[in-house]
Amino acid sequence: MGTDFQALAELCEKLEATSKRTLMVNLVADFLKHLALDEVEPATSMFLGRAFPKWDSRTLEVSWATLSDIIKRLTNVNWKDFADAFSRTGDIGAATKTVFEASKIQRQTMLIEKPLTILEVRRNLEAIAETTGYGSRERKERLLETLLGQTTPLEAKYIIKIMIGEMRTGFHEGLMELAVSKAFNIPHDVVRKASMLTGDIAEVAVIAKAKGKEGILKLEFQIFRPIKPMLAQMAENVNEALKEHGEKTAFEYKLDGARIQIHKSNNEVRIYSRRLTDVTDSLPEVVQLVQEEVKAQKAILEGEVIVIGEDGNPLPFQHLMRRFRRVHNVEKMVKQIPVKLYLFDLIYLNGQSLADDSYIERRKKLEKIAGDILLTKQLIIRKRLEAEGFLREALNEGHEGLMAKRLDSAYTPGVRGKHWFKIKESLEPLDLVIVAAEYGYGRRHGWLSDYYLAARDAESGEFLMVGKTFKGLTDKEIIRMTEHLKELAVRETRGKVVVTPQIVVEVAYNEIQKSPKYRCGMALRFARVTRIRDDKGPEEADTIKRVRKIYEKQFERKAKPQKL
Ligand code: AMP
């Protein structure tokens, strides 16, 4: 028998319709409780928009072009209806449901088919993922067509959402932890910890059902399953960090590179990015270094890789990104852009989690096993002046700033708390003009929430783009901004509204990069609006010349990339 997929889809629909967290948790908990053991993982994964368990390496490899072709063929509707439904809702799944409902053919087939179960949907998705090699595109299409050909419009909506990995019901992992805790009667903190250790709440749910609290308590970190990294909050200055940490803390250089998590089991080494993707193949020299130097049979380590220029100074972050993007010709890239590894944490050692050890203990153990690999430069400091000196030293050497780590703090995966602070020298904010805007997605789909930012070219009088952002404004401000922008609209094409340059906003950012994307050759990284400058007109906005000056200033310490 098995549970119908329709029931899961109906529940998703309820989740989508409410923002009451307790109600959502109760509904899902009740649903999970009534599932058979082998349905628990597939359902939990599906609620979170995953076709497969989190650590399953299988992927569907189905493009939107393929999916939309099949939807077209099955429903036989005018594709404009789909486009209209999409622009109304901003949601591919909902638009699919609309065209399925509009299609008569679909209704007829529905009468003869048996309802799909959750396990059948999973098996179908598996079959699609496992179809590879010659002619696989056609075979995938046939499988998809068979699957979607037997769904109700509502099931189609959620199968599509699961396939593209966008549920948008507002039911995220944190709520799922609460639901699992409630469904299987296990304290929330125990479930949360297990979810942190395994990184997959669906797996925790299965063990909760099969083995209860005892089983959950036995869960541990596992080598080759990346752990969500512990995150840092921004501190204004060293003083704030010292104060928060009780007037004594460990400052470390904050390097401007890429964070990596290294898993080692005997001679096998795998490396994961900050977003937990496997980047082992991009960093062969790091793999070799870890194999040669790390004195531990099993370990999970963290560090930062940076690129050093010929003059010995660190190069900007974008150089490093080329190392991760390139999968071909890695050897050449290793020579062209050699990376340097600095370690800063040890989370697991020879069968034991160190997450509950203090920072100081972890760092001591790390020093012992790191061999000749460098650790991030560190100083335990009590005095503000000394900390400021250390910050200046880091900046002078071309690094980004400092981290401050509380001496007695545990490693808390995925948490951005006050135990780690980052302290950077901030760049001066810019006053920029909004020259165009795009409609947002999901909740923001009716609002112009994504802004094109431009600086003034004092010579030509033109406004030249230097960045784009959807960050910084409150919902209220976005609604007001949408109205204002609509009044200024010049033309609209495919969700992008070009406006007369009138509105000035203050924009903060982390860095100015060289970029071919914009005519002026520069782009702001991590731009966010900090204020709407109602008091300023576009003629008072900052100039391209000023942007270029700040760009240049970044390289007084850092080595400069090729000519702009
Ligand atoms: P955030 O990711 O925003 O919490 O900022 C901290 C980031 O700084 C980490 O993700 C690392 O990539 C980077 N980083 C550079 N140096 C260090 C260090 N010594 N300790 C921890 N993180 C560092």
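My aim in this report is to walk through the structure given alongside it, one point at a time. Keep in mind that what you see is a predicted model, and the values were worked out from it rather than measured. Every chain begins its residue count from 1, and numbering advances along the sequence as written. Local features are withheld for residues below a pLDDT of 70 in this predicted model, meaning they are given only at 70 or higher, and side-chain atom pairs are given and counted only at 80 or more; totals for whole chains, interfaces and linings count all residues. The side-chain values count all of the structure's non-hydrogen atoms but skip hydrogen atoms and water molecules.

**Quick word on the overall build of the protein**
Inference 1: A helix here means a DSSP run of H or I that spans at least four residues, while a strand means a run of E at least two residues long, and both kinds are numbered starting from the N terminus. Each helix and strand in the protein was counted, giving 21 helices and 20 strands.
Inference 2: Seen along its three principal axes, the alpha-carbon backbone of the protein occupies a region of about 75 × 65 × 50 Å.
Inference 3: A burial count over the protein gives 53% of its 564 residues as buried.
Inference 4: Any two residues whose heavy atoms approach within 4.5 Å are treated as being in contact. Sequence-distant contacts, at least 24 apart, represent 70% of the contacts inside the protein between residues at least 6 apart.
Inference 5: Only the protein chains shown count as cover for residues, and the accessible areas themselves come from Shrake-Rupley with a 1.4 Å probe. For the protein, the exposed area adds up to about 27,500 Å²; of that, 49% sits on carbon and sulfur atoms.
Inference 6: Put simply, the protein has 94 plus and 82 minus side-chain charges, and the middle of one group is 1 Å from the middle of the other. Only protein chains enter the accessibility calculation, which uses a 1.4 Å probe; a residue whose area is less than 20% of its type maximum is buried, one above 50% is exposed, and one in between is partly exposed. When charges are counted, Lys and Arg contribute as positive and Asp and Glu as negative, whereas His and the chain ends are disregarded. A charge is said to be at NZ when it belongs to Lys, at CZ for Arg, at CG for Asp and at CD for Glu.

**Quick notes on the layout of surface pockets**
Inference 1: The volume enclosed by the second largest pocket comes to roughly 520 Å³.
Inference 2: Grid points spaced at 1 Å over the protein atoms alone were grouped into cavities, where a 1.4 Å probe fits but cannot get out, and pockets, open sets with protein on both sides within 12 Å along at least five of seven lines, with lining residues defined by an atom within 4 Å of a point. Taken together, 17 residues form the lining of the second largest pocket, with Pro53, Lys54, Asp56, Arg58 and Thr59 sitting closest to its centre.
Inference 3: Looking at the lining of the second largest pocket residue by residue, the classes come out as nine nonpolar, three polar and five charged. Grid points are joined across faces, edges and corners, and a volume is the space filled by probe spheres set on the points. Ten residues, namely Ala, Val, Leu, Ile, Met, Phe, Trp, Tyr, Cys and Pro, are considered nonpolar, four, namely Asp, Glu, Lys and Arg, are considered charged, and the remaining ones, Gly among them, are considered polar.

**Points about helix 15 (residues 284-293)**
Inference 1: Residues of helix 15 that are buried: Val286, Val287, Val290 and Glu293. Buried residues of helix 15, viewed axially, fall in a sector of 155°; they line one side. The arc in question is the one spanned by the directions pointing from the helix axis to the C-beta atoms.

**With respect to the environment of alanine 102**
Inference 1: Mapped onto the fold, alanine 102 is located in helix 6 (residues 92-102).
Inference 2: When the C-alpha atoms of alanine 102 and aspartate 81 are compared, they prove to be 9.1 Å apart, with 21 residues separating the residues in sequence.

**Overview of unusual backbone geometry**
Inference 1: With a phi close to 60°, asparagine 185 is a non-glycine residue in the positive phi region.
Inference 2: Within the element layout of this structure, asparagine 185 appears in the loop between helix 11 (173-183) and helix 12 (188-198).
Inference 3: Under the relative-accessibility criterion, asparagine 185 is labelled exposed at 71%.

**Quick notes on the sheet that holds strand 9 (residues 378-381)**
Inference 1: Criterion used throughout: strands pair if DSSP finds at least two bridges between them. Taken in spatial order, the five strands make up an open sheet running 1-11-10-2-9, and their pairing is mixed. Among the strands making up the open sheet, the edge pair consists of strand 1 (231-234) and strand 9. The average angle at which neighbouring strand axes cross in this sheet is 35°, direction not considered.
Inference 2: Sheet topology note: the strand 2 (residues 249-254)/strand 10 (residues 401-405) ladder contains five bridges and is antiparallel. What counts as an axis is a line fitted to C-alpha atoms, over the stretch in contact for a helix, and the angles between N-to-C directions run from 0 to 180 degrees.

**Structural notes on the pattern of salt bridges**
Inference 1: Each salt bridge in this description consists of a side-chain nitrogen of Lys or Arg and a carboxyl oxygen of Asp or Glu lying within 4 Å of one another. Evaluation of the coordinates by the stated rule reveals 48 salt bridges.
Inference 2: Close ionic contact of arginine 168 with glutamate 166 constitutes a salt bridge, the shortest N to O distance being 2.7 Å.
Inference 3: A relative accessible area of 38% places glutamate 166 in the partly exposed class.
Inference 4: In this structure, arginine 531 and glutamate 506 form a salt bridge, with 2.9 Å as the shortest nitrogen-oxygen distance.

**Observations regarding the nonpolar core**
Inference 1: The biggest cluster of nonpolar side chains holds 66 residues, and the ones touching the most others in it are Phe5, Phe47, Leu148 and Met176.
Inference 2: For this core, the leading source of residues is helix 10 (residues 153-164), giving seven residues.
Inference 3: Leu453, Val497, Val499 and Cys520 belong to the second largest nonpolar core, which has 34 residues in total. For our purposes a nonpolar core is just a set of buried Ala, Val, Leu, Ile, Met, Phe, Trp, Tyr and Cys residues, chained together by side-chain atoms within 4.5 Å.

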